[in-house]
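Analysis of the macromolecular model
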Amino acid sequence: MITRQQAKSTEAKTFHPLARFVTKEAIALLLNREPEEIYRIDCWRHVIHVVGKGISRFVSYADLPPVLGVEPPTQADICRWRKRCAVQKQKHAPQFWVDFYVQKFMQVVAFDDLVALGKLISKIKQVFSSEALQTLRNAYLSAKYVLQEF
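Structural notes, computed from the coordinates. Please read these numbers as outputs of a predicted model, since none were measured by experiment.

Our focus in this paragraph is the packing of helix 3 (residues 95–107) against helix 4 (residues 111–123). Two numbers describe how helix 3 lies on helix 4: the axes approach to 10 Å, and their chain directions differ by 160°. Comparing their axes, helix 4 and helix 3 come out roughly antiparallel. Between helix 3 and helix 4 the crossing geometry is left-handed. Within the contact between the two elements, helix 3 uses Tyr-101, Lys-104 and Phe-105 and helix 4 uses Leu-114, Leu-117, Gly-118, Leu-120 and Ile-121.

The next thing to look at is the environment of Gln-126. Looking at the element boundaries, Gln-126 is found in the loop between helix 4 and helix 5 (130–149). The class for Gln-126 is partly exposed, based on a relative accessible area of 31%. Separated by 17 residues in sequence, Gln-126 and Val-109 place their C-alpha atoms 27 Å apart. Not counting chain neighbours up to four residues away, the residues in contact with Gln-126 comprise Gln-75, Ile-78 and Arg-82.

Attention now moves to unusual backbone geometry. Its identity as a non-glycine residue notwithstanding, Asn-32 has a phi of 55°, on the positive side. Along the chain, Asn-32 turns up in the loop between helix 1 (24–30) and strand 2 (38–43). The phi torsion at Lys-89 lies on the positive side, around 60°, for a residue other than glycine.

Conventions and cut-offs
- Just so you know, the residues in each chain are numbered from 1, in the order the chain's sequence is written.
- With pLDDT at 70 or above as the cut-off, local features in this predicted model cover only qualifying residues; side-chain atom pairs require 80 or more to be listed or tallied, and sums for whole chains, interfaces and linings still use all residues.
- Only hydrogens and water are set aside when side-chain values are computed; all heavy atoms of the structure are taken into account.
- Between the N-to-C directions of two axes lies an angle of 0 to 180 degrees, each axis being a line fitted to C-alpha atoms and, for a helix, fitted only over the stretch in contact.
- Counting from the N terminus, the helices are DSSP H or I runs at least four residues long and the strands are E runs at least two residues long.
- Here roughly perpendicular refers to angles of 65 to 115 degrees, roughly parallel to angles under 35, roughly antiparallel to angles over 145, and oblique to all remaining angles.
- We call a crossing left-handed when the near helix sits turned anticlockwise from the far one by less than a right angle, and right-handed when that turn is clockwise.
- Contacts: residue pairs with any heavy atoms within 4.5 Å of one another.
- Using a 1.4 Å probe on the protein chains alone, a residue whose accessible area is under 20% of its type maximum counts as buried, one over 50% counts as exposed, and one in between counts as partly exposed.

Put into structure tokens, the structure is as follows:
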């Protein structure tokens with residue numbers, strides 16, 4: 001369950017622009033947990049509060065990769081991810097992102113979804129290292145082969 005905290009005042013609360021990319025699967029992979037072990041995800045204004053089996057953690061919105069099914073990432077979103085990488089003293093997106101997308105490629109059941117996922121990654125390719133991009137290309141080709149042959 002992904003929830004948003006209710007505003008205590010009469011003013012509408014502004015949520016983080018990256019909140020649209022919050023998924024239980026991404027958070028579970030980030031925290032090395034199974035999705036069933038996560039009981040609650042609260043999207044607060046600046047952070048995500050995750051409650052699960054034996055954990056209560058705060059996660060940054062910028063730690064999570066973009067997903068399909070919501071508004072695509074903007075240049076401002078890419079700037080937020082790059083800033084998060086700089087804060088963590090990294091030049092590129094973490095390995096978790098690569099693992100997440102490889103997992104998504106292997107779960108694809110329709111060719112249109114595969115193409116859409118490929119387009120999403122090509123839109124944000126500047127946040128990945130060249131090695132990560134090669135890994136993602138290989139996963140894409142592997143998933144494409146599986147869809148075409150079976």
